[in-house]
2 protein chains.
Amino acid sequence: MDNFQFYSPTEFIFGKETENQAGEMVKKYGGTKVLIHYGSGSAVKSGLIDHVKASLEKSGIAYTELGGVQPNPRDTLIYKGIELCRKENVDFILSVGGGSCIDSSKAIALGVPYDGDFWDFYGTGKTVEKALPVGTVLTIAAAGSEGSGASVVTKEEGSFKRDVGSDLLRPRFSILNPELTCSLPAYQTACGATDIMAHIFERYFTNTQEVEVTDRLCEALLMTMIKETPRVIADPGNYEARANIMWAGTVAHNDIVGVGRSQDWNSHKIEHELSALYDCAHGAGLAVIMPSWMEFVYKHDIMRFAQMAVRVWGCEMNFVNPELTAIEGIQCFRNFLSCIGMPVNFEQLGAKEEDIPKLVDKLGLGDGKTGGFVELSSDDVTEIFRIAAHTAL
Amino acid sequence: MDNFQFYSPTEFIFGKETENQAGEMVKKYGGTKVLIHYGSGSAVKSGLIDHVKASLEKSGIAYTELGGVQPNPRDTLIYKGIELCRKENVDFILSVGGGSCIDSSKAIALGVPYDGDFWDFYGTGKTVEKALPVGTVLTIAAAGSEGSGASVVTKEEGSFKRDVGSDLLRPRFSILNPELTCSLPAYQTACGATDIMAHIFERYFTNTQEVEVTDRLCEALLMTMIKETPRVIADPGNYEARANIMWAGTVAHNDIVGVGRSQDWNSHKIEHELSALYDCAHGAGLAVIMPSWMEFVYKHDIMRFAQMAVRVWGCEMNFVNPELTAIEGIQCFRNFLSCIGMPVNFEQLGAKEEDIPKLVDKLGLGDGKTGGFVELSSDDVTEIFRIAAHTAL
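Residues numbered from 1 in each chain as written. Chains lettered and ligands numbered in written order. Predicted model: local features only at pLDDT ≥ 70, side-chain atom pairs only at ≥ 80, totals over all residues. Heavy atoms only, no water.

(A) The arrangement of the interface of chain A and chain B in detail. Taken together, the contact between chain A and chain B spans 42 residues of the former and 42 residues of the latter. Contact between chain A and chain B buries roughly 3,600 Å² in total, counting both sides, with carbon and sulfur atoms accounting for 58%. The largest contributions to the chain A side of the interface with chain B come from A:M1, A:E210 and A:W247, which together make up 17% of the buried area. At the junction of chain A with chain B, the criterion picks out four salt bridges. Across the salt bridge formed by B:R231 and A:E210, the nearest N and O atoms sit 2.8 Å from each other. At the junction of chain A and chain B, the tally comes to 22 residue pairs in polar contact (both at pLDDT 80 or more). (Contact = heavy atoms within 4.5 Å. Buried area = accessible area lost by both parts, 1.4 Å probe. Salt bridge = Lys/Arg side-chain N within 4 Å of Asp/Glu carboxyl O. Polar contact = N/O pair within 3.5 Å; in protein donor to acceptor, adjacent residues only side chain to side chain.)

Right, dumping it as C-alpha cells:
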C-alpha cells in the first residue's frame, strides 16, 4: 500500500426531506449571502428551488440566484456567476443540482476571490489558494462532486473540458435526499450509475500490490450498483434502491475506497473528449469507452481482471485459462451497461469513426503518454476509440 | 435506509515514517502548546516519543508530557492530565498510542475547558460544548478512536466503564503508520483485530431493511480482516497486511459503513463489564461475548446470519434449512477467533461463572432492557454470559 493523505470534511445530511435543512446548514457554515446556482429547469419545476428558498428565508439568509447550468458546464455561465457574486457580495454558493451544477459552483467559488481568469486553474495544476465555501443539494447520483474536491468544466471556445482539484473545493455540507432522484428519467439514471461504476473502476485497476481493503471496498460498491441499478430502471420511484445508489455514489468518489493505491483515470480523460465534441452525457461516453479501455489493457494484469470477474460479476474462475475469465468479466460489464440502456459503441452514442483523429488530437498527448494502469500513447488511444467504434453487441 | 448525518472531518496521514509529520500537523491545526499523552512505555522504548518530540521541535511547537495511560484508561490519570494542561496552558492534545490513550486524551480535551467534573459527560448523554483539539499518532489498529468522536474510560472507584460521543472529540488529524504496529505482540494484535471485527458486526446486525451498500461495505471489511489477520499473526512484520488492517480499523469505526441503519452495540456494552471487572483486554472480552451474543439472538433474523455465513465466511447456503447456515457462520467466527489466539469462553478469559450475577447487576438494566438488534433484559444478558461460560471449542 502506498502512503496517502485522506481528508473528507464534508458534512453529509442524508434522507427524506433533508433539503429543508439547507438554511440551517448554510448558517452553520457561516454563509450570510448565498448564490443559489442551479440547472435547466427541473429543480424549479419540481418546486425544489422554492423549498430551498423557503429554508434559507426561515434561517434569515439572503440570496440571489443563477440558473441555466447545462450538462458539461460552460465557462460562459461561470463568468456570469463570478460577476454576480462580486456585485452582490455573495459569501456562500449553494449548488442545487447534479455534478455539472456542483462543478460550475466550485468554479465560481474559486473564481470570485481570484484576480485573474478562473480558467487558469483548469488542467494546469495551479494551486487553489482561496475559494468561497460551497454547499450542495444533490439531485442526481452520479458525479460524486458532492463529496469531492474536484471540478470539471468546459471552455466553450474550442470545446476544452478540463479539471481542477483542491481540498478547498470540498463542499462544507451536502444534502442528499434520494427522493429528489426518483423523478430522474431512466437514461439519466443509467448515465449516473455508469459514472459511479467508472469512478470505482478507475480506482480498482491499479499497479499497487497488496491493497486488499480498498479492493474489497471497491467490489462492495460495484456489487451494490449491480444489484440496485436495474431496480431503479424498472421501478424509478424505489426509494430504497435510490438511497443505496446515492450513498454508493458519494463513497465511490470521496476517495475512501481509493487511497493508498495508484489509480488510472484514463477512461475519464478519453471520455471527456467525446462529451466535449458531441455534448453527450458523460456517463454515456464512459459506457462506450470504459469496456473498450478494459479490452485494450486487460493483458497487463489478467489476474486482476479475473478477480473483478469472479468477485464482482460472480463468474466462475477458469483455473486452466484465467484469461477467459478476465474477458468474461469485461463482457459482463458491457452487457450490464447495455441492459440498463447505455450505448456501448460509437453508433449508439452518435459518435463517428472518422472523428477519431480529431478526438485523439484534442487529447493533446502528442508524442507523449498519459500515465495510469497502462500508459497510453496517442496510438493506444486511437486503438481504444477503434474498439469502441467497432463494438457490436 | 434511515435518514442520517455523516461527518468525518479528521485528516488522515497514512504510511511509512508519517510520525515525522506530527509537528507540521499540530501547527496546521493551530496548536502552540502540546500535551503529549502516551502509555506505559513501549512508545518511549521504541523511540517513537523521541521522534514525535523532534518533529514538534522542528515546527517550533512547545510541549509537556504525560505518560502512564493503562488499557481501560482511568479517570485518575485524566484528572492529572486536566490539571497539567490548565497549569501549562496547553491548547492541543497529541495522543501517541492506541485506543486507550486516545480515549484518555479525549477525556482530558473535554475536561480542560469544563468547569465541573469531566465524568459528568460519561454515560449520561450530556452534550459536549467545548473541547481542546486532539491529534493522534496511532500505534495499535483496534479501537477506531483515531477516526471517531467516541471515548470510553473507566472510573477506578467502583470500576465503572462509560462512554461519551461528540463531533468535537473527533481528532483534527490522525497519523497512521503501520510500521508502528509491526512490533505488537500476537495477542494484542489479535485483540485489536477482534475489536475491529466487532465494530463491524455491531453495525452489520440491524433491523433496518434495504441497506445493501452498507451491508456490502461491512462485508468487505470483514473479509479483509479474515484474510489479513492470520498473516500478521504468522508474520508480525508484514507491512502490507498491517497496512490493510490499519485502514480497515479506521473505516470500520468512523461510521461510513454504519450510516442509515439501526446498530446494535450490546456486545460492547456487555463486554465493558468484563473488562471493568477483570481488567482483561477489550478485544479478548469481545471474543468471548460476541459469538455468544450471536448464538443467543440469531433466530431473530436467520437470513441475516445466513447472509453473513455465505458472503463473509464463504459457507454454502443451505436452501433447505437456512438456520444451519446461520449457525455455521457463527461457528466460523468463533473458530477464527480461537485460531488467532483469542479466548472464546470464560475459563480462557479468566472470568468466573459465579460472577455472572455481579456482572449483570453492574450493567444496571434492572427491570429494563437495552435496545439493539434484539432488546435484552437482565435475564437475557445472564443467558449470554452463561453461553460464554459454557462454550467449549
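(B) Expanded view of the sheet that holds strand 3 (residues 62-66) of chain B. Taken in spatial order, the 12 strands of this open sheet run 3(A)-2(A)-4(A)-5(A)-8(A)-1(A)-1(B)-8(B)-5(B)-4(B)-2(B)-3(B), and their pairing is mixed. The open sheet has two edge strands with one neighbour each: strand 3 (62-66) of chain A together with strand 3 of chain B. Across this sheet, the average inter-strand angle for adjacent strands is 25°, counted without regard to direction. In the sheet, strand 1 (residues 4-14) of chain A pairs with strand 8 (residues 173-176) of chain A via four bridges, with the strands oriented parallel. The residue bridging A:F14 from the neighbouring strand is A:L176, located in strand 8 of chain A. Most of the contacts of helix 4 (residues 75-88) of chain A go to strand 3 of chain A, to which it runs at about 160°, and overall it touches strand 2 (33-38), strand 3 and strand 4 (92-97) of chain A. With respect to the sheet, helix 8 (residues 239-251) of chain A is in contact with strand 1, strand 5 (134-138) and strand 8 of chain A together with strand 1 (4-14) of chain B, its orientation differing from that of strand 1 of chain A by roughly 150°. (Pairing = 2+ DSSP bridges. Helix = DSSP H or I, 4+ residues; strand = E, 2+ residues; numbered from the N terminus. Axes fitted to C-alpha atoms, helices over the stretch in contact; angles between N-to-C directions.)

(C) Geometry of the packing of helix 7 (residues 212-234) of chain B against helix 11 (residues 302-312) of chain B. Residues and elements named next belong to chain B. In contact at an axis separation of 10 Å, helix 7 and helix 11 are set at 50° when each is read in the N-to-C sense. It follows that helix 7 is oblique to helix 11 by the angle criterion. The chirality of how helix 7 crosses helix 11 is right-handed. Contact residues: helix 7 offers E212, D215, R216, E219, L222, M223 and I226, while helix 11 offers R304, Q307, R311 and V312. Tallied by class, residues from the contact of helix 7 with helix 11 come to four nonpolar, one polar and six charged. (Parallel < 35°, antiparallel > 145°, perpendicular 65-115°, else oblique. Left-handed = near helix turned anticlockwise from the far one by under 90°. Nonpolar A, V, L, I, M, F, W, Y, C, P; charged D, E, K, R; others polar.)

(D) View of the environment of B:P171. Residue and element names in this part refer to chain B. Mapped onto the elements of the fold, P171 is located in the loop between strand 7 (160-165) and strand 8 (173-176). Classification of P171 as buried rests on a relative accessible area of 1%. Note: C-alpha distance between P171 and S105 (66 residues apart in sequence) is 10.0 Å. Aside from chain neighbours lying at most four places away, what touches P171 is T10, K106, V134, T136, S145, E146 and S148. (Buried < 20%, exposed > 50% of the residue type's maximum accessible area, 1.4 Å probe, protein only.)

(E) Seen up close, the relation of the copies chain A and chain B. Of the transformation superimposing chain A on chain B, the axial component is 0.0 Å and the angular component is 180°, with the fit at an RMSD of 0.0 Å. Such values leave the two copies arranged in the relation of a two-fold axis. It is A:P9 whose C-alpha, among those of chain A, lies nearest the rotation axis, at 1.9 Å. A symmetric contact is evident, with 100% of the interface residues of chain A recurring at the interface of chain B. (Least-squares fit on C-alpha atoms with pLDDT ≥ 70 in both.)

(F) How the structure looks around the pairing of strand 6 (residues 150-155) of chain B. All names here are of chain B. In the sheet, strand 6 pairs with strand 7 via six bridges, with the strands oriented antiparallel. Note that in strand 7 the partner of V152 across the bridge is D163. Two successive antiparallel strands, strand 6 and strand 7, enclose a turn made up of four residues, where G158 displays a positive phi of approximately 95°.

(G) Structural view of the nonpolar core. Among the nonpolar cores identified, the biggest contains 166 residues, and A:F201, A:W247, A:F305, B:W247 and B:F305 are the most heavily contacted of them. The residues contacting B:F305, other than those within four sequence positions of it, are B:F205, B:W293, B:M294, B:V297, B:Y298, B:A326, B:I330 and B:F373. (Core = buried A, V, L, I, M, F, W, Y, C linked by side-chain atoms within 4.5 Å.)

(H) Main features of helix 11 of chain B. Residue and element names in this part refer to chain B. R304, F305, A306, Q307, M308, A309 and V312 are the residues of helix 11 that are buried. On its buried face, helix 11 sits against helix 6 (186-204), helix 7, helix 10 (282-297) and helix 12 (322-339). Among the residues trailing helix 11, G314 stands out with phi positive, at a value near 70°.

(I) Structural context of the environment of B:L365. With respect to the helices and strands, the residue B:L365 is situated in the loop between helix 14 (356-363) and strand 9 (369-370). Discounting residues that sit within four places of it in the chain, B:L365 has contacts with B:T370, B:L376, B:S377, B:S378 and B:V381.

(J) Examining the packing of helix 11 (residues 302-312) of chain A against helix 12 (residues 322-339) of chain A more closely. All names here are of chain A. Relative orientation of the contacting elements helix 11 and helix 12 amounts to 55°, with a least axis distance of 7 Å. By the angle between their directions, the pair helix 11 and helix 12 is classed as oblique. The interaxial crossing formed by helix 11 with helix 12 has left-handed handedness. The segment helix 11 lies against helix 12, with I302, M303, F305, A306, M308, A309 and V310 engaging P322, E323, T325, A326, G329 and I330. Grouping the amino acids of the contact of helix 11 with helix 12 by side-chain chemistry returns 10 nonpolar, two polar and one charged.

Spatial relationships are all this shows, so hold off on functional conclusions.
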